[in-house]
Amino acid sequence: MTEQTRVIGKPVSRIDGVLKTTGGAHYSGDRKSSDGALLHGVLVKSTVAAGYIAGFDTAEAKQMPGFVRFLSYEDGDLIYRIDAPNDDSFVVNEQRTPFIDNQVHFVGQHIGLALAETLEVAEAAAAAILVEYEEDSRHIALDDEDSDLDKPDASGTGEALQVHRGDFDEGLADADVSVSATYTTPVEHHNPIEPSATTAVWDGDRLTVYDATQGNVNDRNYLAAGTGLAKDQVRVLNPFIGGGFGCKGYAWPHSLIAAAAARATGRPVRLVLSRSDMYTSCGHRPQTRQSITLAAKSDGTFTALKHETLSHRSPIGDHMEPCGMPSMVLYDCPNLVVTHSNRVLNRPSPTPMRGPGEASGAFALESAVDELAEKLGIDPVELRKRNASQMDPRNSRPWSTFNHPECLDRGAERIGWSRRKSPGQWREGNELVGLGVATTYYPAYRSPAAARVTLFPDETAKVEISVQDIGTGLYTILAQMVAEKLGLEAADVAVEIGDTDLPEGPLAGGSMTTASVSGGVAAACDALQEKRAQASGDEAISAEAGSEESLGFGGDNDMGKSFLSFGAIFAEVRVDKDFGIVRIPRLVGVFDAGKILNPKTARSQMIGGMIFGVGMAMLEETFVDPESGRFINPSLGEYYVPVNADIHDIDVEFIDEPDYDFNPFGARGIGELGTVGTAPAIANAVYNATGIRVRDLPIRLDDLM
Ligand code: MOS
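Residues numbered from 1 in each chain as written. Predicted model: local features only at pLDDT ≥ 70, side-chain atom pairs only at ≥ 80, totals over all residues. Heavy atoms only, no water.

Colleague: Would you explain helix 10 (residues 380-387) in this entry?
Modeller: When we look at burial in helix 10, the residues that qualify are Pro 380, Val 381, Leu 383, Arg 384 and Asn 387. The arc enclosing the buried residues of helix 10, seen along the axis, measures out at 165°, which places them on a common side. In this structure, the buried side of helix 10 is in contact with strand 15 (302-313), helix 9 (358-376), helix 11 (404-415), strand 20 (431-443), strand 25 (564-576) and helix 16 (678-690). If you check the start of helix 10, you find a side-chain oxygen 2.7 Å away from the backbone N of Val 381, and it comes from Asp 379. (Buried < 20%, exposed > 50% of the residue type's maximum accessible area, 1.4 Å probe, protein only. Helix = DSSP H or I, 4+ residues; strand = E, 2+ residues; numbered from the N terminus. Arc of directions from axis to C-beta. Contact = heavy atoms within 4.5 Å. Polar contact = N/O pair within 3.5 Å; in protein donor to acceptor, adjacent residues only side chain to side chain.)

Colleague: Please clarify how the side chain of Ser 562 should be interpreted in this entry.
Modeller: Turning to its location among the elements, Ser 562 is positioned in the loop between strand 24 (541-547) and strand 25. A residue is classified by how much of its surface remains accessible, and Ser 562, at 0% relative accessible area, is buried. Dropping the residues within four chain positions of it, Ser 562 is found in contact with Asp 392, Arg 394, Asn 395, Arg 397, Pro 398, Trp 399, Ser 400, Phe 553 and Gly 554.

Colleague: Where do I start with the packing of aromatic side chains in this structure?
Modeller: Any aromatic ring pair is given by two values, namely how distant the centres are and how the planes are angled relative to each other. Applying the stated criterion across every chain, the model contains 15 aromatic pairs. Note on Tyr 183 and Phe 363: the rings are 6.0 Å apart at their centroids and 85° apart in plane angle, and the pair reads as edge-to-face. Here the residue Tyr 183 occupies a position in strand 9 (residues 177-185), and Phe 363 occupies one in helix 9, the gap between them amounting to 180 residues. Relative accessible area serves as the criterion here: at 0%, Phe 363 is assigned to the buried category. Judged by centre distance (5.3 Å) and plane angle (80°), the ring pair of Trp 417 and Phe 570 falls under edge-to-face. Here Phe 570 lies in strand 25 and Trp 417 lies in the loop between helix 11 and strand 19 (427-428), a separation of 153 residues in the sequence. (Phe/Tyr/Trp six-rings, centres within 6.5 Å; stacked < 30°, edge-to-face > 60°.)

Colleague: Would you explain the sheet that holds strand 6 (residues 130-135) in this entry?
Modeller: The strand order 4-2-6 describes an open sheet built from three strands, whose pairing is antiparallel. Edge positions in the open sheet fall to strand 4 (103-104) and strand 6, since each of these has one partner strand only. Examined bridge by bridge, strand 2 (residues 51-57) and strand 4 share two bridges and lie antiparallel to one another. If you follow Tyr 52 over to strand 4, its bridge partner there is Gln 103. (Pairing = 2+ DSSP bridges.)

Colleague: Hey, could you run me through the sheet that holds strand 23 (residues 493-496) in this one?
Modeller: Sheets are built from strands that pair by backbone hydrogen bonding, the pairs being arranged parallel or antiparallel. The strand order across the open sheet formed by four strands is 23-22-21-24, and the pairing between neighbours is mixed. The sheet is open, and its two borders are formed by strand 23 and strand 24, each paired with just one other strand. The mean inter-strand angle of the sheet, taken between neighbouring strand axes irrespective of direction, is 20°. Pairing analysis gives seven bridges linking strand 21 (residues 449-455) to strand 24, with the strands arranged antiparallel. Its bridge partner being in strand 24, Leu 455 is matched across the sheet by Ile 541. Together, strand 21, strand 22 (461-464) and strand 23 form the strand contacts of helix 12 (residues 474-486), whose direction differs from that of strand 23 by roughly 135°. Against the sheet, helix 13 (residues 513-534) contacts strand 21 and strand 24, and its axis sits at roughly 145° relative to strand 24. (Axes fitted to C-alpha atoms, helices over the stretch in contact; angles between N-to-C directions.)

Below you can see the structure in the form of structure tokens.
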């Protein structure tokens, strides 16, 4: 079903690249007000995990020249009460309205905002404000049995989280071989280089907000609710964003606090989160403890699978890490139990982070598959192929495209899988060498999106849509789509995004923006072509259209198909025999993500996704003080992410089979697909190199000595 394309599928360089590399791209914290009226806000954050604020002492702050005002719950109805999600028009991470009362739920909760003429004074004032608390008993540990435990029925995207299929005990009794193990993943933080930042400007009863958000429409609707305005009185602008990885996805209180502060003072307010604010104000990947039992006949056929997840949420948020997802979809197994439990803890609110649930869940499942393969004496590539789900096991619908086995075969070829030896048997000098594999996957999502396309007499065009490019390449993809449809070159198409006054598009999350905008952009271009046929050619013509349909990966749809991207990750690792130091000289990823619209930006996204997986496997961990509930290492100095020296050869291949059932351009999501299987592929390679099975991420030197 391939069709000839002219601009789509070409490695067009980023059209926003020059602006970004020359400082011409302005981010939310860069906005200046021309008249010097801009105020700087710095958050005052709770230092206790549970209790009540008994009082503030602001005397010292008030003495500071340039100090303007301190805002807190004592200012009364500064912010409209948000009964979220109050009209289904936005998604928040925290149901609690900021500054609504004096209760404290975790260390780092925003309890006040210091405003001053300069950032320096605002910082000094925030630090000088003394807070008196009445402390309450707190719940910090994942196994704190005195705290509440939720068992949510469905994930944020509506997937069932408590699943029983067949008869697990019978399946286990039928098996010849089984493995049972517990895997853990730590708290991790997104750490985009651009911190979250909000600049709020009021003009009468209209509010303009420059906000570093992955979802400007969602953010606008949240800000309207919290300020009591109509949606069309609020405009959110986010033309450039310096990464997000999920932490700028759903709305967060600091945006609303900045807007309320600007209204209260009658001046523009800029609130840029500090790096340490970024650890408590905009989510994290929650800690998980996952128990898996996987059983098979001696020929490798899976007979029983149980995947039980324990994670945590905050008292005011409801994120649940859906780790059991891969166990529900990747393999055929007639007898399945998947459960999810969420402990309510006095810790900051978790939120989606690249491959939320999928990445943590795949670490556990794909490690267990590796353990079973060894016990069975079957090659782990072969074991996966034997059990790969040919259809969606949840509803017996065919996958829209299915290349899971081919991804495994191609990856095996590219990494040189035939070189692989038994655990601990491959030595080169002082190093133990190993190869590992894991399946990767990511559900395909699509949301409603509208677009406006204009064609000018000089045969250039403009596309306008309220979406955001969080660094993934959407500017360029939109130009390619319009150029393809109108018979232009990408360079002839101006792209205007990041402005909620434009036709509404989706959140940049769930790797779904490209698939979502496809329908709206194609429809607008088609409508434009009709007008063009009638037009004289000496006036600009414009057309707007939208695609209203959402498509979830396993939801009901006319096509009777399920939409999921599969892939395979292979890792080569070299472990220093004496010091346990792990190097990863080569990673291979083979992906089936539908049609690849731009191999250059797509490859870059997959490399980024795989590097995220390297961080997860080897470095990333936020430590929680079990006594106070504080994050101990909230800085880039103490939270380690991979740097250039950690990354060697990363090889990316795409199957590139268009999925025209999913959208007119045939693309499914990329990005998160690169992250999901990477950590288990590395852990499995470390096992193959050393014979040591690490079930608790990240992998440390101490584990391997
Ligand atoms: Mo994401 S975790 O879909 O930004």
